[in-house]
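Close look at the chain arrangement
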Amino acid sequence: MATEGHKYIFVMGGVMSGVGKGIAASSMGLILQERGHKVNLIKIDPYLNVDAGTMNPTEHGEVFVLRSGLETDQDMGNYERFLGRDLTPEDYMTSGMVYQSVIARERALEYGGKCIEAIPHVRDEILRRIEAAAAHNGSNISVIEVGGTVGDFQNALFIEAARVLRLQHPDDVLYVMVSYLPVPGTLGEMKTKPTQSAVRELNSYGVQPDFIIARSAGSMDEKRKEKLAIWCNVRPDRIISAPDVESIYDVPLNFENDNFGDLLLDALDLPAQAHPDMQKWRTFVESIKNEREEVTIGIVGKYFDTGDFVLSDAYLSVIEALKFSGAALGVKPKIEWVNAKDFEKGTEVEILSKYDGIIVPGGFGETGIEGKLKAIRYAREQGIPYFGLCYGMQLMVVEYARNVLGLEGAHTVEINPNAPHPVVDVMPEQVALIREGKYGGTMRLGSYEARLEKGTIAHAAYGVEAIEERHRHRYEINPDYVEKIKEAGLVFSGVSPDGILMEIAELPQEKHPFYLGTQFHPELQARPLAPHPLFTAFLRASLKKRAS
Ligand code: GLN
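Let me sum up the structure you'll find in this document. Fair warning: this is a prediction, and the values are worked out from it, not measured in the lab.

Re the pattern of salt bridges
- Evaluation of the coordinates by the stated rule reveals 42 salt bridges.
- For arginine 128, the salt bridge goes to glutamate 125, with nearest N and O atoms at 2.9 Å. Highlighted residues: arginine 128 and glutamate 125, both in helix H5 (residues 118-136), separated by three residues, approximately one helical turn.
- Taking relative accessible area as the criterion, arginine 128 reaches 39% and is therefore assigned partly exposed.
- Assessed through its relative accessible area of 2%, glutamate 125 is described here as buried.
- What emerges from the salt-bridge pattern is a single network uniting Arg67, Glu80, Asp86, Glu468, Arg470 and Arg527.

Below is the structure:
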């Protein structure tokens with residue numbers, strides 16, 4: 001049963017995908033939270049994957065790992081960054097998850113011999129999950145983003161659940177459609193027809209939107225608003241113009257300008273419990289837009305090329321983490337993508353010498369690996385600030401073993417299972433999982449504690465002795481090599497509480513201004529108003545490098 005008085009806002013997309021439904025939902029969450037309400041954001045992904053962990057980041061963007069370890073869609077990262085807090089597994093669902101629980105219950109005879117059908121059983125499982133999230137989080141408003149676009153076959157059951165929830169709670173459910181108004185080049189005029197059709201399509205499910213967020217290149221004029229209002233059957237003041245903006249973090253401020261928060265509370269019959277001033281957020285947004293000194297950061301990775309364009313979505317949280325630390329330091333990180341494959345043939349000096357800092361982010365598999373190792377060596381030898389994230393830390397140890405310890409053929413067993421020096425080895429608990437092909441959701445995932453060693457860069461940056469960070473890996477620094485590596489000068493400044501897992505590696509500051517890698521993904525916990533200390537320390541070092 002639903003929590004008494006809980007409110008639900010469904011956000012659904014019309015016309016086309018990729019117009020910023022996730023940012024709209026995140027921004028609604030923030031402006032409601034700023035009005036004193038406790039909001040949770042839920043993402044529904046209609047695909048059949050049980051979680052986002054098995055999807056290729058080039059096609060689907062980054063896999064965002066929650067504190068609990070659930071591998072989710074990158075929108076969840078935006079939700080956490082806008083709300084400024086951790087979300088829980090209850091806040092995420094895929095069709096795969098929904099079907100998996102229905103089928104498991106059927107196998108356990110829990111449906112008492114009934115024929116199991118999409119409606120009511122699957123729909124009711126969706127409703128159960130939405131209500132469980134509401135109850136679990138102690139929130140009073142849930143903003144629920146239905147992935148995909150109205151009319152997709154695969155989100156029909158979710159829209160059906162949204163319809164039924166309003167039937168059960170007539171005063172507690174709102175529907176918001178995020179639509180798009182194109183301006184065809186040949187006409188130069190904003191067209192409302194696709195939105196009218198999308199609303200009609202939604203109507204065919206028995207759902208009438210209460211609000212329309214009209215995304216477009218420019219602002220909407222009154223004439224267009226009136227037209228949409230009449231044709232779509234929505235009050236004109238509930239049509240929110242959402243023009244393209246310089247930064248996604250502008251969106252909640254624009255919503256504020258249109259008084260969207262008050263309009264939502266009014267429609268939900270809720271009072272504002274706090275007066276929003278959004279001052280901190282405003283200051284943050286201004287600081288990322290101000291003219292500032294630039295630091296050029298090269299990100300050496302492989303998930304870039306999908307046809308003709310670069311898909312930086314694969315590293316979304318890394319980019320955002322750099323932005324937040326840049327805002328805090330008053331510098332502008334200028335990110336350049338370096339395809340590791342490009343300098344496997346020996347062009348690395350030319351390409352890398354222009355960077356003030358180099359990042360090797362998380363990754364899997366063999367593509368571009370020797371190129372990444374070259375980049376790491378170059379950064380180490382030339383004193384360029386280097387920040388390795390997960391794979392970027394493992395490869396830092398491989399490079400160190402090969403070129404400083406002189407261990408020929410040192411490698412990670414992920415790439416060479418027969419390496420003469422397996423300095424990065426599979427974690428013991430992973431061996432059987434890999435052998436049995438159990439890949440989904442089985443990595444070392446989510447938040448784990450690490451202890452920091454005093455007198456290190458890591459300890460100075462965090463300023464505490466114990467930290468918790470989010471992980472996603474199957475391999476680790478081989479404990480058999482740890483002593484040898486330490487003797488050769490690399491410091492393991494963060495280790496798991498039992499001392500077995502090396503969580504942070506760094507070179508002492510006398511030897512290198514900033515040469516540090518983490519087995520975890522610090523980018524996942526960076527927030528606009530709480531930048532991550534390691535990203536800030538890395539950027540500070542990069543800034544110094546630029547000045548020298
Ligand atoms: N492929 C490495 C592992 O599984 C690193 C993973 C990552 O970078 N997220 O351990």
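Following the structure, the description resumes.
Describing the sheet that holds strand E16 (residues 410-412)
- Taken in spatial order, the three strands line up as E16-E17-E20 in an open sheet, and their pairing is mixed. Pairing within the sheet leaves two strands with one partner each, and these edge strands are E16 and strand E20 (475-477). Across the sheet, the mean angle from the axis of one strand to that of its neighbour is 30°, orientation sign disregarded.
- Taken together, the three bridges between strand E17 (residues 421-426) and E20 define a ladder with antiparallel strand orientation. From the neighbouring strand, aspartate 425 faces E20, where its bridge partner is glutamate 476.
- Helix H15 (residues 391-403) rests against E16, E17 and E20 of the sheet, and its axis sits at about 165° to E16.

Digging into the pairing of strand E19 (residues 466-473)
- Within E19, six of the eight residues are buried, which leaves it mostly tucked inside the rest of the structure.
- Looking at chain direction, strand E18 (residues 444-452) and E19 are connected through eight bridges and run antiparallel. Opposite arginine 451, over in E19, you have alanine 466 as the bridge partner.

Details of the layout of surface pockets
- Approximately 1100 Å³ is the volume attributed to the largest pocket.
- Lining the largest pocket are 43 residues; nearest its centre among them are Gly18, Val19, Gly20, Lys21 and Asp75.
- Take the lining of the largest pocket: its biggest share by element is four residues, from helix H1 (residues 21-33).
- Across the lining of the largest pocket, the residue classes break down as 15 nonpolar, 15 polar and 13 charged.

Some points on helix H11 (residues 279-289)
- If you check which residues of H11 are buried, you get Trp281, Phe284, Val285, Ser287 and Ile288. Taken around the axis of H11, the buried residues stretch over an arc of 165°, which confines them to a single face.
- Of the surrounding elements, those touching the buried residues of H11 are H1, helix H3 (74-83), helix H9 (251-257), helix H12 (316-329) and strand E13 (331-339).

Examining the site of the ligand
- Near the ligand the following residues occur: Gly362, Gly363, Phe364, Cys390, Tyr391, Gln394, Glu414, Arg472, His473, Arg474, Tyr475 and His521.
- In the environment of the ligand, an oxygen atom lies 3.0 Å from a nitrogen or oxygen atom belonging to the backbone of arginine 474.
- A total of 290 Å² of accessible area belongs to the ligand in isolation, and the protein chains cover 99% of it.
- Among the residues forming the shell around the ligand, the class breakdown is four nonpolar, five polar and three charged.

Digging into a positive patch on the surface
- A cluster of like positive charges, contributed by Lys193, Arg200, Lys223 and Lys227, occupies part of the molecular surface.
- Counting only elements with at least two residues in the positive patch, the list comes to helix H7 (193-203) and helix H8 (222-232).
- Relative to the assigned elements, lysine 227 resides in helix H8.
- In this structure lysine 227 comes out as partly exposed when scored by relative accessible area, which is 40%.

Quick word on the sheet that holds strand E21 (residues 491-495)
- Strand order in the open sheet made by the nine strands is E13-E10-E14-E15-E23-E22-E21-E18-E19, with mixed pairing throughout. Bordering the open sheet on either side are E13 and E19, each of which pairs with just one other strand. Pairs of neighbouring strands in the sheet enclose a mean axial angle of 30°, with direction left out of account.
- For strand E14 (residues 357-360) and strand E15 (residues 386-389), the ladder comprises three bridges, and the chain directions are parallel. Along E15, the bridge assignment pairs isoleucine 359 with phenylalanine 387.

With respect to the packing of helix H14 (residues 369-382) against H15
- At a closest axis distance of 9 Å, the pairing of H14 and H15 adopts a crossing angle of 70°. The angle between H14 and H15 falls in the class roughly perpendicular. Residues Ile369, Glu370, Lys372, Leu373, Ile376, Arg377 and Arg380 of H14 form the contact with H15, whose participating residues are Tyr391, Gly392, Leu395, Met396, Val398, Glu399, Tyr400, Arg402 and Asn403.
- Of the residues assigned to the contact of H14 with H15, the class counts are eight nonpolar, two polar and six charged.

Here's the deal with unusual backbone geometry
- A cis amide bond links isoleucine 119 with the next residue in sequence, proline 120, at an omega value of 15°.
- Among the structural elements, proline 120 can be located in helix H5.
- Positive phi, close to 60°, is recorded for leucine 109, a residue that is not glycine.
- Checked against the element boundaries, leucine 109 lands in the loop between helix H4 (95-107) and H5.

What about the side chain of histidine 459?
- Among the structural elements, histidine 459 can be located in helix H17 (residues 457-462).
- Sequence-distant contacts of histidine 459, defined by excluding residues within four places in its chain, comprise Leu452, Glu453, Lys454, Val464 and Glu465.

Calculation rules
- Residues numbered from 1 in each chain as written.
- Predicted model: local features only at pLDDT ≥ 70, side-chain atom pairs only at ≥ 80, totals over all residues.
- Heavy atoms only, no water.
- Salt bridge = Lys/Arg side-chain N within 4 Å of Asp/Glu carboxyl O.
- Helix = DSSP H or I, 4+ residues; strand = E, 2+ residues; numbered from the N terminus.
- Buried < 20%, exposed > 50% of the residue type's maximum accessible area, 1.4 Å probe, protein only.
- Pairing = 2+ DSSP bridges.
- Axes fitted to C-alpha atoms, helices over the stretch in contact; angles between N-to-C directions.
- Contact = heavy atoms within 4.5 Å.
- 1 Å grid on protein atoms, 1.4 Å probe; cavity = no way out; pocket = protein on both sides within 12 Å on 5 of 7 lines; lining within 4 Å.
- Points joined across faces, edges and corners; volume = space filled by probe spheres on them.
- Nonpolar A, V, L, I, M, F, W, Y, C, P; charged D, E, K, R; others polar.
- Arc of directions from axis to C-beta.
- Near = heavy atom within 4 Å.
- Polar contact = N/O pair within 3.5 Å; in protein donor to acceptor, adjacent residues only side chain to side chain.
- Areas by Shrake-Rupley, 256 points an atom, 1.4 Å probe, with all protein chains shown as cover.
- Patch = residues over 30% accessible without salt bridge, like charges linked within 9 Å, V, L, I, M, F, W, Y side chains within 5 Å.
- Lys, Arg positive; Asp, Glu negative; His and termini not counted.
- Charge placed at Lys NZ, Arg CZ, Asp CG, Glu CD.
- Parallel < 35°, antiparallel > 145°, perpendicular 65-115°, else oblique.

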